[in-house]
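Residues per chain are reported as follows:
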Amino acid sequence: MLRVSDLHVFYGKSHVLWGVNLDVSPGSVVALLGRNGVGKSTTLKAIIGLVPAHSGRIELETATGWRDVTRLPSYERAAAGIGYVPEERRVFPYLTVLENLRVGLDRLRLTPAERRHRLDRAFALFPSLAELLQRPGRVLSGGQQQMLAIARVLVLEPRIILLDEPSQGLSPLLVDSVMEAVTRLGREGTAVLLVEQNALAALDVAERGYLMDKGAIGHRGTSAALLADPRTLDRTLGVTT
Amino acid sequence: MSSLVRPALLAIALVLLALAPWLGGTYATLSLTSALALGLFALSYDLVLGVTGLVSVSHATLFGVGAYGMAIGMTKLGAGFWPSAALGIAAAMAMAWAIGFFAVRTSGPGFIIMTVIFAHAVESIANVWTSLTGGENGIMLSTSRVAFLPGVDLHFTAGSRSAYYTVVACVALAWLFSRWFVASGLGLTLRGIKGNELRALALGYRVGRYKVLVNVVAGAIAGVAGILYALSQGFVSVDMLRVLLSIEVIVWTILGGPGTLLGPLVAAVLMSLGIEYLRSLTSQYLFVVGAVTLLVVIFLPEGLGGVIGRLLDRAAKETRS
Amino acid sequence: MTADVLVLQLANGLSFGVIFALIASGITLMWGIMDFINMAHGDFYMLGAYGIWLGLVIGIGSFWLALPLAVLGVVVIGLLLRVSVLRPIFDRPPLHTLLATYGAGLMLQQAVLSIFGPFSKEIALPVTGQIVLGPLRYPAYRVVVIVVGLVLIAAVGVLIQRSTYGLWIRAVAQDRAMTAALGVPVPRVYTVVFALGSGLAALGGVLAAPLFGVSPTMGGEVILLAFIVVMIGGLGNYLGSVVGGVLIGEVIALGAIWLQPTVAYLVALGLLLVLLLVRPAGLLRSAR
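Owing to the predicted nature of the structure, the values given are computational and were not obtained by experimental measurement. (Residues numbered from 1 in each chain as written. Chains lettered and ligands numbered in written order. Predicted model: local features only at pLDDT ≥ 70, side-chain atom pairs only at ≥ 80, totals over all residues.)

Turning our attention to the overall build of chain C. Counting secondary structure elements, chain C contains eleven helices and two strands. For chain C, the sequential pattern of α-helices and β-strands runs α-α-α-α-β-β-α-α-α-α-α-α-α. Taking 2.2 N^0.38 as the reference for a compact globule, 288 residues should give roughly 19 Å; the C-alpha atoms of chain C span a radius of gyration of 19 Å, in line with that estimate. Out of the 288 residues in chain C, the part that is buried amounts to 56%. Counting contacts in chain C only where the partners sit at least 6 residues apart, residues at least 24 apart contribute 75% of the total. (Helix = DSSP H or I, 4+ residues; strand = E, 2+ residues; numbered from the N terminus. Rg over C-alpha atoms; globule rule 2.2 N^0.38 Å. Buried ≥ 20, exposed ≤ 12 C-beta atoms within 10 Å, placed from the backbone. Contact = placed C-beta atoms within 7 Å.)

In structure tokens, the structure reads:
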């Protein structure tokens, strides 16, 4: 579904991503793990186009075959099927919950029935959103914003969703429901690339994982294999299993 | 190879500068004197835009206010040259302070618009308050014969050489001062603000105050430039404080290379000579000015200095290989 | 000074204010949405006035028929400008767009000057007569200006609140990158905003033409006040520019009772400066 090859990214003169290679198969959940500042968010931002790629390739599998999106502007990548939920959530503060959902949805020219159907799907996953429709984004709690940020990408039915630290700042209960949502997404056929600091929670829902260190992928493997190697996890994540 | 080219060019330029009054006639000397005054004006602006990164569209306001201060002092208040000049410079500095004070209270883009607002306001007032400013005709400086020092008189409009060298001396002094200023601790702070304002703020610098300060310092120099320009022309008019001139000096600074001090100075001298020539050719010169502004922005945003620099570097690379 | 004079000037202020609001809302939309300082904005206003004059001269009998044509003509010119000149410098800092638009505006002004000459042209009032309300009489055309202006301003406001493009305009103003990441074609939104902004300015010019005449420099005369309105209303704040426009219009009109116009400008500037000291973000909280 998504293929990233030899991606290099610079912030000004700073070389932050050094030849990142990863791929995500359709309908699978893949975790991108690593300590703070190692380049996980940057990788997602480069995939959606918020940050320009210096060199390398980003390819998306569409209905008509593989498409090279490396030089496309963000909005075309999103239209091609990449969904992005940023770390800071970035809900529109002065738009209502419904308007937040509509921003991406309105482009799709759906019939009222189809719109209703998609919104209902989102509300099925996040029931409390249905009661907050007229509230402006800025008054929502952290957890509600997180749900909204995911929902407004969900209704677009993307081929792959890039999730940047969805559990950050959430209570354990909410983290559980978010992770459950991620699992459901995978089961329903949407690919997910999940960036998380909470490695254990991530590997719980993901099939495969990549460990990043200093701007490059250090280790990769199935979740089971990674979890079975606590020393590597320790070294790259500073996590004691 | 290229390391010899630049000093050589500089030496040639200096020689030409020194000999100009003998090489050209009276009119040419006068033109060059005025152009150098505009060069001084651009040099002062480089401190604001090139060094500190402030986009002020009100610099001509300071240029004109300085000149008007002096003119009003000499004609309406009957004061001598030096007190009038001091009045002009003080007025320019006060205006610079006022504009800076209010402009820094807005966020980034608001700064630009605030300077535009002030510049427009002063221009409008000057247009209307004809009893003070003389409107389009301006104030004639009945004597362009200035008692510069006891016993030393300078004739400006006569295209005199003594006036020419005075202006050259002022420009040279200002350039030395500016170089010292930029290299000083204060200059370092200003460059830090240009590079990363947020970081400067985080480090505890009162960024607003520094911005106002550089505007005032540059304003003083611009005031001096205005005085010299007015003397060489023989009159002050509202053309000296138009927004148009503020925009032109931005273009000259960009063309010459922001932050290089010498670049904007040279660009201003050459461009203003060019405009004067153009004016004698066609009444549509403003159209050309507009077109040139547009083209410079689209095609030469790093300025000619950048282009020439790149050409020199490429030549250097080729001779090396 | 009697109550009559006061009411008369209040009404005048409203008619000025509506015109300022039209111009200022264009500036604020373009700044707030696109980070774009348009120094040629006053020239769109001017071109609108020339457009209506030209339309009437050519022989389009009715002012009201020529109005939309004039506005449309200016919008087309604006879009041509955007495509030819502004596209290449799309991502450059505000300084560059400032200079480029200034240069373009200067060229437009000079072109108009050389084609039509420097002298002011007159346009007959499309609506003559007065509206009588008890002891008060007020020129009918000015009432029309106020009504038409307010209706259109309100229409644009509704458009921004209800339509899809309006939603996208608001979203881009709040978070451009995220809006793009959701698939919204941001360049198209920019084009809409640009067309809207230049159209509003042109409309202001058309409405102003019978009142103030048509001259090549009329843009420069209003642009200062328009910028003051924008700063008072808050950069990027549509409602703020409308309220600010009316406010400044009233300040000028009321000021004109006792003071000369330029002094009234100074009062407007003074008001802005006081506001900046007290409320740096502008008059209204960001009501995006």
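Resuming the write-up.
If you tally the helices and strands in chain B, you get 14 helices and four strands. Looking at chain B residue by residue over its 321 residues, the buried ones come to 49%. Put simply, 77% of the contacts in chain B that link residues at least 6 apart link residues at least 24 apart.

Taken residue by residue, the interface counts 18 residues in chain C and 21 residues in chain A. The element best represented in the side of chain C that touches chain A is helix α6 (residues 164–174) of chain C, accounting for six residues. A breakdown of the residues in the side of chain C that touches chain A according to their chemical character gives eleven nonpolar, four polar and three charged. (Nonpolar A, V, L, I, M, F, W, Y, C, P; charged D, E, K, R; others polar.)

Further remarks concern the sheet that holds strand β3 (residues 29–33) of chain A. Residues and elements named next belong to chain A. Read across the open sheet, the six strands follow the order β6-β7-β8-β3-β9-β10; overall the sheet is mixed. A single partner strand is all that each edge strand has here, and the edge strands are β6 (82–85) and β10 (216–222). When strand polarity is set aside, the average angle formed by the axes of neighbouring strands in this sheet is 15°. Relative to strand β9 (residues 208–213), β3 is paired through four bridges, and the arrangement is parallel. (Pairing = 2+ DSSP bridges. Axes fitted to C-alpha atoms, helices over the stretch in contact; angles between N-to-C directions.)

This paragraph deals with the arrangement of the chains. There are two pairs of chains in contact here, and the one with the most contacts is chains B and C. No part of chain A reaches chain B; the closest C-alpha pair between them is 13 Å apart.

So, on to the interface of chain C and chain B. Taken residue by residue, the interface counts 31 residues in chain C and 30 residues in chain B. Every element with two or more residues in the side of chain C that touches chain B is listed here: α4 (94–116), α9 (218–233) and α11 (261–278) of chain C. The biggest single contributor to the side of chain C that touches chain B is α4 of chain C, with 14 residues. Grouping the amino acids of the side of chain C that touches chain B by side-chain chemistry returns 25 nonpolar, five polar and one charged.

Attention now moves to the pairing of β10 of chain A. Residue and element names in this part refer to chain A. The pairing of β9 with β10 spans six bridges and is antiparallel. Across the sheet, residue arginine 208 finds its bridge partner in β10, namely threonine 222. Connecting β9 to the antiparallel partner β10 that follows it, the hairpin turn spans two residues, and lysine 214 within it adopts a positive phi of roughly 50°.

All right, on to unusual backbone geometry then. A positive phi angle, close to 50°, is found at glutamate 157 of chain A, a residue other than glycine. Assignment of secondary structure puts glutamate 157 of chain A in the loop between α5 (142–154) and β7 (160–164). Residue glutamate 157 of chain A is classed as partly exposed on the basis of its C-beta count, with 14 C-beta atoms lying within 10 Å. The phi torsion at leucine 261 of chain B lies on the positive side, around 65°, for a residue other than glycine. Looking at the secondary structure, you find leucine 261 of chain B in the loop between α11 (243–256) and α12 (262–281).

Packed helix pairs are characterised by how far apart their axes lie and by the angle those axes make with each other. Residues and elements named next belong to chain C. Where helix α5 (residues 140–162) contacts α6, the axes come no closer than 5 Å and their chain directions differ by 80°. Relative to α6, the element α5 is oriented roughly perpendicular. On α6, the residues touching Leu159, Ile160, Gln161 and Arg162 of α5 are Gly166, Ile169 and Arg170. The class makeup of the residues in the contact of α5 with α6 is three nonpolar, two polar and two charged. (Parallel < 35°, antiparallel > 145°, perpendicular 65-115°, else oblique.)

Glancing now at the packing of α6 of chain C against helix α8 (residues 186–212) of chain C. Residues and elements named next belong to chain C. Running from amino to carboxyl end, α6 crosses α8 at an angle of 105°, the nearest separation of the two axes being 10 Å. Classed by the angle they form, the pair α6 and α8 counts as roughly perpendicular. Judged by residue contacts, Tyr165, Trp168, Ile169 and Val172 of α6 engage Val186, Val189, Val192 and Val193 from α8. Partitioning the contact of α6 with α8 into residue classes produces eight nonpolar, no polar and no charged.

Attention now goes to α12 of chain B. The end-to-end C-alpha distance of α12 of chain B is 29 Å, a good match for the 28 Å that 20 residues give at a rise of 1.5 Å each. Among the residues of α12 of chain B, Gly263, Pro264, Leu265, Val266, Ala267, Ala268, Val269, Met271 and Ser272 of chain B are the ones counted as buried. (Expected span 1.5 Å × (residues − 1).)

With that settled, consider the environment of glycine 233 of chain C. All names here are of chain C. Among the structural elements, glycine 233 can be located in helix α9. On the basis of neighbour count, glycine 233 is assigned to the buried category, with 28 C-beta atoms found within 10 Å. Once the C-alpha coordinates of glycine 233 and leucine 272 are considered, the two residues, 39 residues apart in sequence, prove to be 9.7 Å apart.

What follows deals with the nonpolar core. Counting 285 residues, the largest nonpolar core has Leu194 of chain A together with Ile228 of chain C as its most contacted members. With 16 residues, helix α10 (residues 207–233) of chain B is the single largest residue contributor to this core. In contact with leucine 194 of chain A, not counting residues within four places along its chain, are Val29, Val30, Ala31, Leu32, Leu163, Val182, Ala202 and Ala206 of chain A. (Core = buried A, V, L, I, M, F, W, Y, C linked by C-beta atoms within 7 Å.)

Before going further, it helps to examine the confidence of the model for chain C. Considering every residue of chain C, the mean pLDDT works out to 85; 94% of them sit at 70 or more. Below pLDDT 50 for its whole length, residues 284–288 of chain C participates in 15 contacts with residues either more than four positions away or in separate chains. (pLDDT = per-residue confidence, 0-100.)

Look at any regular strand and the pattern is simple: side chains alternate between the two faces of the sheet. Residues and elements named next belong to chain C. Of the strand pairs in this sheet, strand β1 (residues 130–133) and strand β2 (residues 136–139) are connected by four bridges, and their pairing is antiparallel. Bridging from a neighbouring strand, valine 132 pairs with arginine 137 of β2. From the end of β1 to the start of β2, which pair antiparallel, there are two residues, and glycine 134 there has a positive phi angle of about 65°.

Another point: the sheet that holds strand β4 (residues 55–62) of chain A. Sheet strands line up and pair through hydrogen bonds in the backbone, either parallel or antiparallel. All names here are of chain A. Taking strand neighbours across the sheet as the criterion, the four strands line up as β2-β1-β4-β5 in an open arrangement whose pairing is antiparallel. The sheet terminates laterally at β2 (14–24) and β5 (65–68), the two strands that pair on one side only. Each adjacent strand pair in this sheet contributes to an overall mean axis angle of 25°, direction not counted. The sheet contact formed by strand β1 (residues 2–11) and β2 spans eight bridges and is antiparallel. Residue arginine 3 lies in a different strand from β2, and its bridge partner there is aspartate 23.

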